[in-house]
Amino acid sequence: MAESDSKKKKRAPKTPELLRGFRDILPEEAWYWQHVRETAARILSDYGYGEIQLPILEATSLFKRTIGEHTDIVSKEMFTFLDQGGDSVSLRPELTASMARAYIEHGMFNRPQPVKLYSVGPAFRYERPQSGRYRQHNQLSLELFGSGEPVADAEVIFVARLLCEQLGLDATIHVNSLGSAEAREEYVRLLKEYAKPKRSLLCEDCKKRLTKNSLRLLDCKEPGCRALFASAPLLVDNLDEESKKHFVSVLEHLDESSVPYELDPYIVRGLDYYNRTAFEITVAAPPDDVEGADAVAAPLAIGGGGRYDGLVETLGGRATPAVGMAFGLERLVSAFKKTKPQPDSEKAPQVFLASLGEEATKHAFTLFETLRASGIRVRASFGKSGLKSQLELADKLGVVYAVILGQKELLDGTVIIRDMENGIQEVVDLAKIVDELKKRLKKSR
Ligand code: HAM
């Protein structure tokens, strides 16, 4: 067989592609992610939240017992599989259930209460990918265990809003109360009574919700259903007395600390563990990085949360009131990106280090580290050998100066500084290079 024939037959295998609903976060975005994470970590640490790192894989029963078997998240969206030992495990669809498990498992009720924790990491939901919705997203989850006081709800909302404010976001907080589990049961009966005669007008999802997850009827996004439920009985009008008092007190705390909010009787949340306060934080426009053709212009929830007094007990721990919230980091970062361009000074390299010849290149490593450690933003390409190609790269990077280290300079203990704008070169003492560059960079600013 001719060589060219055999080459033709060996077609390169197709590169496996990113899974639908998953995304790579490239270095260009890193500054935004780091800034958001650092801002959050600073605020949370100031407010007494300790970071906890949790596994992304947990027993499936953890999520079934907490989020609820009939919720969309558990019934349709979890990545669940049997591990090699035959146990059913799931990629976590959120972090709160794991937080509660860890609170119990590490006997945190023995610590001074409340115990405040936060965690950052990926969550997985097999949802239909669309604007700002991914099958793997990242959450910043903050939880306050061991206080049933309304001030704890207000604190969580206050801290969440503080982060939005510090990131320069124009965010709206929507607040509601879901009352006690008993009052909610009674309310769900009323809601079903209201909805049943209208069954044929409901969307397919709502028809199912009518039997299994009726509260979610209220937050259906279909315009037809929205219109139908606009005159439905409201949960806030059917609250038990204690929950009503609690809600009023939360709102008073928010008023007192000048946290703006909107009362939204349609916030019900997609997880079963909530009682009393429930809230969502939205931003006006959807983020730019739209995936899928069906992007909607509705306000996007960048975060949500509420009180979940029964969750720890549901998992077998001692009764522990708790409240918390989580931000979706993709959405938070995307909203932040719109408000603040990455400052040039934080990304642009200032100096390019070029080296000529083997000995000089060996030394260039040390010189690079000296420059970097002194705070100069320096780049180099140790693999490129010709001066011309190195200077071309320096030009592309837009550096102010190139530092050239050749064989002769190495012997003399000198380097060349080249002004990249006018091409003027000057020989300077190697020992004084940091001072020289800093002096020039200061002038060139
Ligand atoms: P959640 O509302 O289901 O609440 O999720 C929190 C946030 O994660 C949402 O507001 C949204 O920004 C983001 N998010 C959720 N799903 C996706 C997705 N598929 N793609 C992109 N972002 C998404 C919880 O998970 C609760 N654990 C919050 C909580 C903490 N409640 C009490 N403590």
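For the structure itself, look to the data block above.
Residues numbered from 1 in each chain as written. Predicted model: local features only at pLDDT ≥ 70, side-chain atom pairs only at ≥ 80, totals over all residues. Heavy atoms only, no water.

**Some points on the overall build of the chain**
The condition that has to hold: Numbering of helices and strands starts at the N terminus; helices are DSSP runs of H or I of at least 4 residues and strands are runs of E of at least 2. The reference for a compact globule is 2.2 Å times residues^0.38; the radius of gyration itself is calculated from the C-alpha atoms. Summary of the burial criterion: residues with accessible area below 20% of their type's maximum are buried, those above 50% are exposed, and those between are partly exposed, where the area comes from a 1.4 Å probe applied to protein chains only. What makes two residues a contact is simply this: any of their non-hydrogen atoms within 4.5 Å.
From N to C terminus, the chain includes 16 helices and 16 strands. Computed over the C-alpha atoms, the radius of gyration of the chain is 29 Å, more than 25% above the 22 Å expected from 2.2 N^0.38 for a compact globule of 445 residues. Expressed as a percentage of its 445 residues, the buried residues of the chain come to 49%. Summarising the internal contacts of the chain: among those between residues at least 6 apart in sequence, 72% fall at separations of at least 24.

**A closer look at the environment of Glu-358**
Within the secondary structure, Glu-358 sits in helix α13 (residues 358-373). For Glu-358, a relative accessible area of 60% puts it in the exposed group. Spatially, the C-alpha atom of Glu-358 lies 8.9 Å from that of Ser-385, the residues being 27 residues apart in sequence.

**As for the sheet that holds strand β15 (residues 414-419)**
Strands pair in a sheet through their backbones, by hydrogen bonds, and they do so in one of two ways: parallel or antiparallel. In plain terms, the rule: Strands are treated as partners if at least two bridges between them are detected by DSSP. Angular values range over 0 to 180 degrees, each being the angle between N-to-C directions of two axes fitted as lines to C-alpha atoms, with helices fitted over their stretch in contact.
The five strands are arranged β13-β12-β14-β15-β16 in an open sheet whose pairing can be described as mixed. The two strands at the open ends of the sheet, each matched to only one other strand, are β13 (378-380) and β16 (425-429). Averaged over all pairs of adjacent strands, the angle between strand axes in this sheet comes to 30°, irrespective of strand direction. Bridge count for strand β14 (residues 401-405) against β15 is four bridges, and the pairing is antiparallel. Note that in β15 the partner of Val-403 across the bridge is Ile-417. Lying on the sheet, helix α16 (residues 433-444) is in contact with β12 (351-355), β14, β15 and β16; it crosses β14 at an angle near 160°.

**Observations concerning unusual backbone geometry**
The peptide bond linking Gln-113 to Pro-114 adopts the cis configuration, its omega dihedral lying at 0°. Locating Pro-114 in the fold gives a position in the loop between α5 (96-105) and β5 (115-124). Even without glycine at this site, Arg-269 takes up a positive phi of about 70°. Counting through the fold element by element, Arg-269 comes out in the loop between β8 (262-263) and β9 (275-283). One non-glycine residue, Arg-276, lies in the positive phi region at around 55°. Secondary-structure assignment places Arg-276 in strand β9.

**Here's the deal with the pairing of strand β11 (residues 322-328)**
Most of β11 is tucked away: seven of the seven residues are buried. Of the two faces of β11, the one holding Ala-322, Gly-324, Ala-326 and Gly-328 and the one holding Val-323, Met-325 and Phe-327 are both buried throughout. Where strand β6 (residues 136-145) lies against β11, seven bridges are found, and the strand directions are antiparallel. Note on β11: the bridge partner recorded for Glu-143 is Gly-324. Bridge count between strand β10 (residues 300-307) and β11: five bridges; the pairing is antiparallel. When the bridges of β11 are listed, Gly-304 appears paired with Ala-326.

**Regarding the sheet that holds β10**
Read from one edge to the other, the open sheet built from eight strands follows the order β1-β5-β6-β11-β10-β9-β7-β8, with strand pairing classed as mixed. Bordering the open sheet on either side are β1 (50-51) and β8, each of which pairs with just one other strand. Seen against the sheet, helix α2 (residues 27-46) touches β5 and β6 and runs at an angle of roughly 5° to β6.

**Structural notes on the site of the ligand**
For clarity, the threshold we go by: Residues are counted as near a molecule or strand when any one of their heavy atoms sits within 4 Å of it. Polar contact is defined as a pair of N or O atoms within 3.5 Å, subject to the rule that within protein one atom must be able to donate a hydrogen and the other to accept it, and that residues adjacent in sequence are counted only when both atoms are side-chain atoms. Note on areas: these come from Shrake-Rupley sampling with a 1.4 Å probe, and a residue is covered only by the protein chains present in the view.
Around the ligand lies a shell of 26 residues, among which Glu-94, Glu-127, Tyr-134, Glu-143 and Tyr-274 are the nearest. Contacts to the ligand include Arg-269, whose side-chain N or O atom sits 2.9 Å from an oxygen atom. Notes on the ligand: free accessible area 650 Å², of which the protein chains cover 96%. Of all the elements in the fold, those that place two or more residues in the shell around the ligand are β6, β10 and β11. At five residues, β10 tops the list of elements feeding residues into the shell around the ligand.

**Describing the side chain of Gln-350**
Assignment of secondary structure puts Gln-350 in the loop between α12 (329-339) and β12. In contact with Gln-350, not counting residues within four places along its chain, are Gly-375, Ile-376, Arg-377, Val-399, Val-400, Tyr-401 and Leu-441.

**Concerning the side chain of Ser-119**
Relative to the assigned elements, Ser-119 resides in strand β5. Here Ser-119 falls in the buried class, since its relative accessible area comes to 1%. A polar contact is formed between the side chain of Ser-119 and the backbone oxygen of Ile-52, at a distance of 2.6 Å. Every residue in contact with Ser-119, bar those within four places of it in the chain, is listed here: Ile-52, Gln-53, Leu-54, Leu-95, Met-99, Gln-139, Leu-140 and Ser-141.

Everything listed here is a matter of coordinates, which is why it stays silent on function.
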